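# Fold and contact review
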Amino acid sequence: MDEDIQSSVIEIAGTNVSTAYIHCPPDPKRGGLGIRLPYLVMIVKNMDMLFSFEVQVLDSKNTKRRFRASTFQSSTRVKPFICTLPMQMDEGWNQIQFNLADFTKQAYQTDYVETLHLQIHANCRLRRVFFSDKLYMDEELPADFKLLSPMRLKQGQKKKEVEKITKPA
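Here is what the cut-offs are and how they apply
Residues numbered from 1 in each chain as written. Predicted model: local features only at pLDDT ≥ 70, side-chain atom pairs only at ≥ 80, totals over all residues. Heavy atoms only, no water. Salt bridge = Lys/Arg side-chain N within 4 Å of Asp/Glu carboxyl O. Helix = DSSP H or I, 4+ residues; strand = E, 2+ residues; numbered from the N terminus. Pairing = 2+ DSSP bridges. Contact = heavy atoms within 4.5 Å. Axes fitted to C-alpha atoms, helices over the stretch in contact; angles between N-to-C directions. 1 Å grid on protein atoms, 1.4 Å probe; cavity = no way out; pocket = protein on both sides within 12 Å on 5 of 7 lines; lining within 4 Å. Points joined across faces, edges and corners; volume = space filled by probe spheres on them. Nonpolar A, V, L, I, M, F, W, Y, C, P; charged D, E, K, R; others polar. Core = buried A, V, L, I, M, F, W, Y, C linked by side-chain atoms within 4.5 Å. Buried < 20%, exposed > 50% of the residue type's maximum accessible area, 1.4 Å probe, protein only.

As a further point, take the pattern of salt bridges. With the rule as written, the count across this model stands at 12 salt bridges. A salt bridge links Asp4 to Lys45, with the nearest nitrogen and oxygen atoms 2.8 Å apart. Of this pair, Asp4 sits in the segment before β1 (10-12) while Lys45 is found in strand β3 (residues 39-46), placing the two residues 41 residues apart along the sequence. A salt bridge links Arg125 to Glu11; its shortest N-O distance comes to 2.9 Å. Note that Arg125 is positioned in strand β10 (residues 124-132) and Glu11 in strand β1, a separation of 114 residues in sequence. Salt bridges sharing common partners tie together Asp2, Glu3, Asp4, Glu11, Lys45 and Arg125.

The strands making up a sheet are joined through hydrogen bonds of the backbone, oriented either antiparallel or parallel. On the basis of which strands lie adjacent, the open sheet formed by 6 strands has the order β2-β9-β4-β5-β7-β6 and mixed pairing. Every interior strand has two partners, whereas the edge strands, β2 (21-24) and β6 (77-78), have only one. One ladder, built from 7 bridges, connects strand β4 (residues 52-59) with strand β9 (residues 112-121); its direction is antiparallel. The residue of β9 that forms the bridge with Phe53 is Ile120. In the packing of helix α1 (residues 100-108) onto the sheet, the strands contacted are β4, β5 (64-70), β6, β7 (82-86) and β9, and the crossing angle to β5 comes to about 105°.

Here we take up empty space enclosed by the protein. In the structure shown here, the tally under the stated rule is 1 cavity of 30 Å³ or more. Its boundaries defined by the atoms lining it, the largest cavity holds a volume of some 60 Å³. In this structure, the largest cavity is lined by Val41, Gln95, Gln97, Phe130, Ser132, Lys134, Leu135, Tyr136 and Leu141. In terms of residue class, the lining of the largest cavity is made up of 5 nonpolar, 3 polar and 1 charged.

The subject of this paragraph is the layout of surface pockets. Where empty space is left in the structure can be found by rolling a water-sized probe over the atoms. Of the volumes computed, that of the largest pocket is approximately 150 Å³. Around the largest pocket sit Ile22, His23, Cys24, Leu33, Ile35, Leu118, Ile120, Val129 and Phe131, which together line it. At the level of elements, β2, β9 and β10 are the ones that each hand at least two residues to the lining of the largest pocket. Here the lining of the largest pocket gets 3 residues from one element, more than from any other, and that element is β2. Here the residues of the lining of the largest pocket are counted per class, giving 8 nonpolar, 1 polar and no charged.

Turning to the nonpolar core, a few remarks are in order. Of all hydrophobic cores here, the largest spans 28 residues; its most connected members are Leu40, Phe51, Phe53, Phe67, Phe98 and Ile120. Ignoring any residue separated from it by four or fewer positions in sequence, one finds Leu40 in contact with Phe53, Val55, Ile96, Gln97, Phe98, Leu100, Leu118, Val129, Phe130 and Phe131.

What follows is about the pairing of β3. Where burial is concerned, most of β3 is hidden: 8 out of the 8 residues are buried. Burial of β3 is two-sided: the residues Tyr39, Val41, Ile43 and Lys45 facing one way and the residues Leu40, Met42, Val44 and Asn46 facing the other way are all buried. Examined bridge by bridge, β3 and strand β8 (residues 92-99) share 8 bridges and lie antiparallel to one another. Across the sheet, Leu40 pairs through a bridge with Phe98, a residue of β8. Here β3 pairs with β10 via 8 bridges, running antiparallel. Bridging from a neighbouring strand, Asn46 pairs with Cys124 of β10.

Written out as structure tokens, the structure is:
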């Protein structure tokens, strides 16, 4: 139970970010998620510690690519199979909006096909993780899918969209 929002959450905590995580599907060897919705949205509480997430997608060249966003990464790096991105979070609750189609196009000049795997690392509290076909306005979403209800929204709690990829010159 998170005291700020008076709601059940999942807390992922650990001293080693690389070994403290949750992932879906439980056994990636048995197939991927098969989610074709291009927007990953997470409602996450900043715990003022290191935090990262990684999403694996399949692109139009039938290649598996990974995107890793983290609060400890200082610059964007694009390699053949992984793109690492810096991420900043505000104090308190944040809504992270990750446009998988846009990132796949920018980093690899290919089209997003589907999401295969999602891994969320320490340290954070999760209220909701979902995929959507587009970004929805708060008034279009069910109450449980909003960042916070207007009565509970405190100053400094905002939506965050992971920044666009800027390749080093």
